[in-house]
Amino acid sequence: MLTSGCQKKEATPDEQDLVQVKSIKREDAKKVIFFMIDSLMSQAIDDGIKQNKLPTFQYLTEHGIYDKDMVSSFPTMSVTIDSSLITGAYPNSHHVPGLTWYSSDEKKVINYGTGPMEIWKHGGNEVLQDALINLNGNHLNPQIPTIYEDLAKHGLKSGSINGLIYRGASHHRLTIPEWLKGITSLPKEIQVKGPDFLALGSLANPLENVKNMPEGLTGRLGLNNQYSMEAVKYLIQENKLPDFLFVYLPDLDQKLHKKGPQERSGVEELDKQLGSLLQQFGSPKEALNKAIFILTGDSGMTSLYSAQNDSVVDLPSLLKEYSVLKQGKSVTDETDIVLAVNETMAYVYNLNKENSLRDLANALTSDPRIDLVSWKENEWIHALQGETIKEVKYKSNGKMVDRYQQKWTVEQDLDVLDLKLNTKNQKLSYGKYPDVLQRLSGALHSHQGEFLVVTAKPGYELADKSSPTHEGGGGHGSLHEKESLVPLIICGTNEKPQYLRIIDLKPYLLKLLTKD
């Protein structure tokens, strides 16, 4: 829905974003436009190209670099993945553990907006405060610079359109819509720091006085593909592109959650949107001559079984011997367990020191739908395989070296994490869990507390009593390759990242943008 009330008296665009955004230092150099496409998968691209239904993706893959197996962050949830992209680090460094997690300091569950029922249980005010103020303000590690902050130090301009993680060096304000004020005590305006150009739906719309934008309630407050694309088009048309522009496209994820990863109408619509955007340069050929385009997914998605096939693993029922915190309730001295469920992955927090993490892990692995249960113990990380008694433990440093030149010591059953070791040269290789040693360690060291990391087998998802579920649709969150490997398309340059991981994109982008 296009917002009404756009006929306002003329005013300068909010906070001078359009004045300060245009590239100055690299005015004649190629700008970088980075598209983060929620749940984009290479299988959908390949199928669509074979069926001649994705002409834009076909053009981009034929005129650029197309890799199908870039490794995402873990858990495979958007806020964690975007934090890894923007900081170039896993959660052990950037400190955003998932879409929901438990803060031992605040003694409460942090929820950035997992679903309407959970938001209602946790309280809309707290969810909004965590999502709009705390996520970028203090949960994202202030000690680790974002790409926007690094670019500002180089005197370069940057922008974010609908990006969830946007901390930068410029001052901005978010404005709370009128209809939200009834459920929150947040101030009407919230001061934040971001890149030179910050567009976040109706919360921060620098085009408010110059262009009609689809930011109404039915358009998810502007957090939609059309809003993102219209904002980019405006910057292109007005010759105001910054040196680096991050663009988040969220629509595909919703369709895949509902219908499963085999759904194709979403990627076909996306193809048309991208084609229309390239035409703003005159033609796709001219677009690649004038800018570098990078497109990637944030996570894959697994097909979930139907409800009749028990696709939902009810975690409280597996832990019925313990006092599990009910959603929306406060932690007390009697609370044994707190759950923070991120679809096919969950954090299980042990608050009662009389209970051991291993006992909790054994209770969970008794269910055949559980894939892995892991925890840290001193310098070691332990992982149990669901439905078996197999166990592996590992720690950083050692004689084993993986493809990313990371060194490890691994003992017991390597099959638990689908690892292979070449005993001649001590080379470790990964199977169905890409970069699993570093990614699992990253989650286990992402925040304080004594907790387990639990993942479901493909086809199943984890749930607390009010968790959103997607029976017969699609889910993500886990370590499995189906949810962890995403496509990466690079057009307009022949340079590639050192490694194909989401955490390797930030240094790659900085190199592209700061080279002489």
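Since the structure is predicted, the reported quantities are computational estimates derived from the model, not experimental observations.

J.: How do you make sense of the overall build of the protein chain when you look at a structure like this?
T.: Broken down by element type, the protein chain carries 17 helices and 24 strands. Against the globule reference of 24 Å for 516 residues, the protein chain gives a C-alpha radius of gyration of 23 Å, in line with a compact fold. Residues classed as buried in the protein chain amount to 61% of the 516 residues present. Residue pairs in contact within the protein chain that sit at least 24 positions apart in sequence constitute 69% of those at least 6 positions apart.

J.: Just checking my understanding: could you explain the sheet that holds strand E9 (residues 244–249) for this structure?
T.: Remark on secondary structure: sheet strands pair via backbone hydrogen bonds, oriented parallel or antiparallel. Reading across from one edge, E2-E24-E10-E1-E9-E5-E8 is the order of the seven strands in this open sheet, with mixed pairing throughout. Each end of this open sheet is capped by a strand with a single partner; those strands are strand E2 (65–71) and strand E8 (197–199). Strand-to-strand, the axes of this sheet are offset by a mean angle of 15 degrees, without reference to chain direction. Alignment of strand E5 (residues 158–161) against E9, held across four bridges, turns out to be parallel.

J.: Help me out: how do you make sense of helix H9 (residues 225–237) in this one?
T.: When the terminal C-alpha atoms of H9 are compared, their 18 Å separation across 13 residues agrees well with the 18 Å that a helix rising 1.5 Å per residue should span. Turning to H9, its buried residues are Asn 225, Tyr 227, Ser 228, Met 229, Glu 230, Ala 231, Val 232, Lys 233, Tyr 234, Leu 235 and Ile 236.

J.: What's the story with the nonpolar core in this structure? I'm lost.
T.: Soluble globular proteins: nonpolar side chains tend toward being buried together. By size, the foremost hydrophobic cluster in this structure holds 74 residues, and its most contacted members are Phe 244, Ile 294, Val 410, Leu 417 and Leu 437. The element best represented in this core is helix H17 (residues 505–514), accounting for six residues. When sequence neighbours within four positions are dropped, the list of residues in contact with Ile 294 reads Val 32, Ile 33, Phe 34, Phe 35, Leu 488, Ile 489, Ile 490, Tyr 508, Leu 509 and Leu 512. Phe 57, Val 232, Leu 274 and Leu 288 belong to the second-largest nonpolar core, a separate cluster that totals 45 residues.

J.: Explain empty space enclosed by the protein here, please?
T.: If a probe as big as a water molecule is rolled over the atoms, it shows which places are left empty. Across all of its chains, the model carries four cavities of 30 Å³ or more by this definition. Taken as a whole, the second largest cavity holds about 40 Å³ of empty space. In this structure, the second largest cavity is lined by Ser 39, Met 41, Ala 44, Leu 252, Leu 256, Pro 261, Glu 263, Arg 264 and Val 267. Taken together, the residues of the lining of the second largest cavity sort by class into six nonpolar, one polar and two charged.

J.: Hey, could you run me through the packing of aromatic side chains in this one?
T.: Aromatic ring pairs are reported here in terms of the distance separating the ring centres and the angle at which the planes meet. Following the criterion strictly, the structure yields 11 aromatic pairs and no others. Judged by centre distance (5.4 Å) and plane angle (90 degrees), the ring pair of Tyr 347 and Phe 451 falls under edge-to-face. Here the residue Tyr 347 occupies a position in strand E14 (residues 345–350), and Phe 451 occupies one in strand E21 (residues 451–456), the gap between them amounting to 104 residues. Positioned over the ring face of Trp 380 is Lys 393, at 4.4 Å from the centre of the ring.

J.: I tried to follow the side chain of Asp 47 on my own but got confused; where do I start?
T.: Tracing the backbone through its elements, the reader meets Asp 47 in helix H2 (residues 42–50). Classification of Asp 47 by relative accessible area gives buried; the value is 19%. In terms of polar contacts, Asp 47 uses its side chain to reach the side chain of Gln 43, at 2.8 Å.

J.: Would you explain helix H14 (residues 357–365) in this entry?
T.: Where H14 is concerned, the buried positions are Leu 357, Leu 360, Ala 361, Leu 364 and Thr 365. Taken end-on, H14 shows its buried residues confined to a sector of 130 degrees, consistent with a single buried face. Here the buried face of H14 lies against helix H13 (315–318), strand E13 (337–342), E14, strand E15 (370–377), strand E16 (380–385) and E21.

J.: What's the story with the packing of H9 against helix H11 (residues 265–278) in this structure? I'm lost.
T.: The relative placement of two packed helices comes down to the angle between their axes together with the axis-to-axis distance. Where H9 meets H11, the closest approach of the two axes is 10 Å, and the angle between their N-to-C directions is 10 degrees. Looking at the two axes, H9 sits roughly parallel to H11. Contacts between H9 and H11 pair Asn 225, Gln 226, Met 229, Val 232, Lys 233 and Ile 236 from the former with Leu 270, Gln 273, Leu 274, Ser 276 and Leu 277 from the latter.

Cut-offs and rules
- Residues numbered from 1 in each chain as written.
- Predicted model: local features only at pLDDT ≥ 70, side-chain atom pairs only at ≥ 80, totals over all residues.
- Heavy atoms only, no water.
- Helix = DSSP H or I, 4+ residues; strand = E, 2+ residues; numbered from the N terminus.
- Rg over C-alpha atoms; globule rule 2.2 N^0.38 Å.
- Buried < 20%, exposed > 50% of the residue type's maximum accessible area, 1.4 Å probe, protein only.
- Contact = heavy atoms within 4.5 Å.
- Pairing = 2+ DSSP bridges.
- Axes fitted to C-alpha atoms, helices over the stretch in contact; angles between N-to-C directions.
- Expected span 1.5 Å × (residues − 1).
- Core = buried A, V, L, I, M, F, W, Y, C linked by side-chain atoms within 4.5 Å.
- 1 Å grid on protein atoms, 1.4 Å probe; cavity = no way out; pocket = protein on both sides within 12 Å on 5 of 7 lines; lining within 4 Å.
- Points joined across faces, edges and corners; volume = space filled by probe spheres on them.
- Nonpolar A, V, L, I, M, F, W, Y, C, P; charged D, E, K, R; others polar.
- Phe/Tyr/Trp six-rings, centres within 6.5 Å; stacked < 30°, edge-to-face > 60°.
- Lys NZ or Arg CZ within 6 Å of the ring centre and 35° of its normal.
- Polar contact = N/O pair within 3.5 Å; in protein donor to acceptor, adjacent residues only side chain to side chain.
- Arc of directions from axis to C-beta.
- Parallel < 35°, antiparallel > 145°, perpendicular 65-115°, else oblique.

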